[in-house]
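What follows is each chain in one-letter form.
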Amino acid sequence: MLLTTTNNIEGKPIQQYIGIVTAEAIIGANIFKDLFAGIRDIVGGRSGTYERVIEEARANALQELQGKAQQMGANAVVGIDLDFETVGSGGSMLMVVATGTAVRI
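Predicted model, so just to flag it, every value in this text is computed and none were measured.

Concerning the overall build of the protein chain
Consideration 1: If you tally the helices and strands in the protein chain, you get 2 helices and 4 strands.
Consideration 2: The linear arrangement of helices and strands in the protein chain, starting from the amino end, is β-β-α-α-β-β.
Consideration 3: The long-range share in the protein chain, meaning contacts at least 24 apart out of those at least 6 apart in sequence, stands at 75%.

Written out as structure tokens, the structure is:
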């Protein structure tokens, strides 16, 4: 299955637009991740802990998006948009929403 942020796939014309497909992934950050990220904020640099959480949430959302598209009979998803938000009390959870158009190429 091809997944792309573009609206078409070069050299592969879209034969059928099946429909919009969406997927969400929410991952909580625990107190230890927050503690280490807070230390990183003080001393500067990148927070590898939060980067891994974001990567995991993004991968989960795209995997779910792919599965839903396959169930619809698609073999590609075009125009994928990823949105990232914090939710929960104090922004303790990260939500990733993936949206795209399921198609047959």
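Overview of the confidence of the model for the protein chain
Consideration 1: For the protein chain, the mean per-residue pLDDT works out to 85, and 77% of the residues sit at or above 70.
Consideration 2: Across the protein chain, the secondary-structure element scoring lowest on mean pLDDT is helix 1 (residues 31–43), at 50, and the one scoring highest is strand 1 (residues 2–3), at 96.

Examining the pattern of salt bridges
Consideration 1: This structure, assessed with the given rule, holds 2 salt bridges.
Consideration 2: One salt bridge in this structure joins E55 and R58, with 2.6 Å as the shortest N-O distance. With E55 and R58 both in helix 2 (residues 48–71), this residue pair falls 3 residues apart, about one helical turn.
Consideration 3: Its salt-bridge partner being E64, residue K68 comes within 3.2 Å of it at the nearest N-O pair. With a gap of 4 residues between them, K68 and E64 both fall in helix 2, about one helical turn apart.
Consideration 4: Taking the relative accessible area as the measure of exposure, K68 reaches 29% and is therefore partly exposed.
Consideration 5: According to the relative accessible area criterion, E64 is partly exposed, its value standing at 30%.

As for the sheet that holds strand 2 (residues 16–28)
Consideration 1: The strand order across the open sheet formed by 4 strands is 1-3-4-2, and the pairing between neighbours is mixed. The strands lining the two open edges of the sheet, one partner per strand, are strand 1 and strand 2.
Consideration 2: In this sheet, strand 3 (residues 76–87) lies alongside strand 1 in parallel orientation, the contact comprising 2 bridges. Each residue of the ladder has a partner; that of L3, found in strand 3, is V77.

Some details on the pairing of strand 3
Consideration 1: As paired elements, strand 3 and strand 4 (residues 93–104) share 10 bridges and run antiparallel to each other. Its bridge partner being in strand 4, L82 is matched across the sheet by A98.

Quick look at the environment of E55
Consideration 1: Here E55 falls in the partly exposed class, since its relative accessible area comes to 40%.
Consideration 2: Sequence separation between E55 and V96 is 41 residues; the distance between their C-alpha atoms is 9.9 Å.

What counts, and where the lines are drawn
- Sequence order sets the numbering: in each chain, residues are counted from 1 along the sequence as written.
- Only residues with pLDDT of at least 70 get local features here, since the model is predicted, and only at 80 or more are side-chain atom pairs given and counted; chain-wide, interface and lining totals rely on the full set of residues.
- Remark: hydrogens and water are excluded; side-chain values derive from all non-hydrogen atoms of the structure.
- Where helices and strands are cited, they refer to DSSP runs of H or I of at least four residues and of E of at least two residues respectively, numbered from the N terminus.
- Here, two residues are considered to be in contact whenever any of their heavy atoms come within 4.5 Å of each other.
- As a per-residue quantity, pLDDT reports the predictor's confidence and falls between 0 and 100.
- Whenever Lys or Arg places a side-chain nitrogen within 4 Å of a carboxyl oxygen from Asp or Glu, that contact is recorded as a salt bridge.
- The buried label applies to any residue whose accessible area, calculated with a 1.4 Å probe on protein chains only, is under 20% of its type's maximum; exposed applies above 50%, and partly exposed to all values in between.
- The pairing criterion is simple: DSSP has to find at least two bridges between the two strands.

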